Amino acid sequence: MNRFLALIKKEIVVLSKDLHGLFVLFVMPAIFILIMSLAMQDSFDEHSNVSIEYALVDNSNSALSQQLKDQLKLISALNMQEIKQDQFNTNQLKHDFSQDTFKFALILEKDFSQQLFQGNAEQNEQDSAIKVYIAPTVKPNLRRFFSATLRSELIRLKIAATLAQSDDEEFAPSMDAVEKMSKVDINQAYLYQDGMQQENPTAVQQSVPAWLVFAMFFVVVPLSTAFIIERQQGTFLRLRMMNVYPTSLLSAKIVPYYFVNQIQMLLMVLVGMFIVPMLGGNSLNGPSSILGLAIISSATSIAAICFALFISVFAKTTIQATTLGGISNIIFGALGGIMVPKFIMPTYMQEIATVSPMSWGLEGFLDVFLRNADWTSVIPESTSLLIFAIICLGIATTIFNRQGVS
Amino acid sequence: MYKISNLSKSYGKSGQPVLNDVTLDIPQGRIFGLLGPNGAGKTTLISILLGLISKNSGTILFKGKELEQNLAEARKVIGYVPQELAYYPMLSAHENLHFYANAFGLPKEKIASQIEFCVETTGLQQFYYKRSQTYSGGLKRRLNLAIGLLNEPELLCLDEPTVGIDPQSRNFILETIQGLNQQGITVIYTSHYMEEVQQICHNVAIIDHGMILTQGKIEDLLRRQGDHLLSIHFSEVLSKDNIQSLQKLVTVTHFHNRCMEIVTQDPLTVLTKLAPDIQQSGLTIERLDFGNKNLEELFLEVTQKDLRDSAHE
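Residues numbered from 1 in each chain as written. Chains lettered and ligands numbered in written order. Predicted model: local features only at pLDDT ≥ 70, side-chain atom pairs only at ≥ 80, totals over all residues. Heavy atoms only, no water.

Below, the discussion takes up the sheet that holds strand β9 (residues 203-208) of chain B. Residues and elements named next belong to chain B. In space, the six strands of this open sheet follow the order β6-β7-β8-β3-β9-β10, with mixed pairing throughout. One side of each edge strand has no neighbouring strand; the edge strands of this open sheet are β6 (78-81) and β10 (211-217). The average undirected angle you get between the axes of adjacent strands in this sheet is 15°. Bridge analysis of β9 against β10 gives six bridges, and the strand direction is antiparallel. Considered in β10, the bridge of Asp208 is made with Met211. In the packing of helix α6 (residues 167-182) onto the sheet, contacts are made with β3 (31-35), β7 (155-159) and β8 (186-190), and the angle to β8 comes to roughly 150°. Those strands touched by helix α11 (residues 295-303) are β3, β9 and β10, and its axis lies near 30° from that of β9. (Pairing = 2+ DSSP bridges. Helix = DSSP H or I, 4+ residues; strand = E, 2+ residues; numbered from the N terminus. Axes fitted to C-alpha atoms, helices over the stretch in contact; angles between N-to-C directions. Contact = heavy atoms within 4.5 Å.)

Set out below in structure tokens:
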């Protein structure tokens, strides 16, 4: 048998007998994708079951305040709990906020109806007939959503009430008529590279590529651990004495771990396509280009393995390797949009994100899973990943040659 | 097998020599023991002889040829058994031996017979298909040795091959090494166990501070150093007065707490001279030793160190 093939075969046999390593490489990422896809499902679902709990105190007790409450009750994303005026106090509200019972409290003051028509004469927010208390944990986008929804309902209410007061019979419509008048159809569609589609991207469509890239880069843990143990056990020394050269020792690691990464990819995609739907999640749509998937998957894998080799030769102990490799991956992941989607990052962070190889991998996978792109779209990201791989391997080989094998 | 002349090696910017002008002859067909305290330069010397690190100056001839220019060829006939258990514990002896045989590049038709030889020589037949991490300490050492024999070596380099194993396994390994030597294999043997080295080695070199302190055939070295040594062990610690009065009667080589050593070829005359004084001083003789020095005594005398203690430095 060819020496190089013997090294590869040994690597595969050792790996196949390492149950902990296999668990880290295959089972953990699969479980992770399952959890993330299911956990994030609602944030991508327009018919989400998630509702925002809020308290409403009606001090006005008017027909208009009742009308507003009726309108608000129809909004599925908002779940109102009315509190009687004599039971409401800010101390209790603070407690409710701290217990996360409510996110908001909407207070309609006595002069709510009057202000709705005449406006706030004082032009002072303090004297407004509509007060909203916000829990400290509420994020700005949620606050904006609540505020916009409330404004929208107030405007509708005001239009209806104004028209109802009109003497002109033609302008004395019911709420249904207002509904019809205020309704403006907006045709929304996601624009993909192969055209427009009405179908929304699902959580699984977003999470599988992200966590797949993360899982691929996690070969750093089993690879570097095995590498350092081999170095400490003297097996490299022995192989060196058998005229096996450092470059061969490093290169022989690439092939088996490449296949490990490809199996990981296949497994994650299958989990997304079949297991997630079985548990009530959305199904992953297949890639738009098999060739594109193969290219970006190969490039990501080679980059991940070469990075793992760099960590392996750089670290002196397994603890150093797992710490260094693990932390680097988490930084790459955080920067690269794996943990936090890039689109919610500020502009300067989005620019920084482009230095993370995980970001290149993720963009490539999103091309074929989300943007319905063809294989040519993944070439720029794949090229960046391969350049990164060559640099890592070059440094690793230089250090390893200088170190000798002990 | 090896002819080493004026070999020097230093590391780092300080240039502190680890090996200093080492000249050494490792004869073919013999078992050669390399002894020295930790930090003496043993590992560096072995690593240079195996071509794992480069020298600064000097010449090394292996089988009459410059080693550096013929390294790949030399390695084909050198079997190396490191102190570490340099194999894959997840794999069985069968899998390990096949992997190393292939990695070494043994011809396909030779692999089976050579593995069979290694397994028989090291007595691994019963455990051949078992995962090697389940082996006892002795079996692990035997597998380590078996892998070193895969390439039919002309020279076998063994680094502490009996560390941490029971006396039976140690004896098995020592007998195996002697058996291999009888088949014509030259052996370089490093160990902290002096009695092992004395038992199996024909030649030794003692190295310390990067210099060869002494080298040659073991029996010559012991004879040269010792002639005949009479050691008198007392029950009591010797007082200054005891020492002074005994020194007037004979030439004493060494006094320890309860022991005096005298180099002599006529121990009876010495004892006759000393007996009245010992009796008068009220000292009691607990034990008498007479004969050549052993290797450990030689080592202590040459290096002024206790080898086992130095291992914990």
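After that view, the rundown keeps rolling.
All names here are of chain A. Scanning the model with the defined rule gives 19 salt bridges over all chains in all. The salt bridge partner of Lys10 is Glu230, with a shortest N-O separation of 3.1 Å. Taken together, the residues Lys10 in helix α1 (residues 3-16) and Glu230 in helix α10 (residues 220-233) connect sequence positions 220 residues apart. No difference in accessibility class separates Lys10 from Glu230, as the two residues are buried. Through salt bridges with shared partners, a single ionic network connects Lys10, Glu11, Glu230 and Lys253. (Salt bridge = Lys/Arg side-chain N within 4 Å of Asp/Glu carboxyl O. Buried < 20%, exposed > 50% of the residue type's maximum accessible area, 1.4 Å probe, protein only.)

A few words now on the sheet that holds strand β2 (residues 17-26) of chain B. In spatial order, the strands read β2-β1-β4-β5 (chain B); together these four strands make up an open sheet with antiparallel pairing. At either margin of the open sheet sits one strand with a lone partner, and together these are β2 and β5 (65-66) of chain B.

Further remarks concern the interface of chain B and chain A. Contact residues are listed per partner, giving 28 residues for chain B and 22 residues for chain A. Of the roughly 2,400 Å² buried between chain B and chain A, counting both surfaces, carbon and sulfur atoms make up 63%. Connecting chain B to chain A are one salt bridge. Close ionic contact of Lys17(A) with Glu95(B) constitutes a salt bridge, the shortest N to O distance being 2.8 Å. Counting across the interface, chain B meets chain A through 10 residue pairs in polar contact (both at pLDDT 80 or more). Elements represented by at least two residues in the side of chain B that touches chain A include exactly α2 (71-76), β6, α3 (93-104) and α5 (137-148) of chain B. Here the side of chain B that touches chain A is composed, by residue class, of 19 nonpolar, four polar and five charged. (Buried area = accessible area lost by both parts, 1.4 Å probe. Polar contact = N/O pair within 3.5 Å; in protein donor to acceptor, adjacent residues only side chain to side chain. Nonpolar A, V, L, I, M, F, W, Y, C, P; charged D, E, K, R; others polar.)

For the rest of this paragraph, the subject is the packing of helix α4 (residues 108-122) of chain B against α6(B). All names here are of chain B. Packing of α4 against α6 leaves a shortest axis separation of 10 Å and a crossing angle of 130°. Classified by the interaxial angle, the pair formed by α4 and α6 is oblique. Every residue of α6 that contacts α4 at Phe117, Thr121 and Thr122 is listed here: Phe172, Thr176 and Leu180. Across the contact of α4 with α6, the residue classes tally to three nonpolar, three polar and no charged. (Parallel < 35°, antiparallel > 145°, perpendicular 65-115°, else oblique.)

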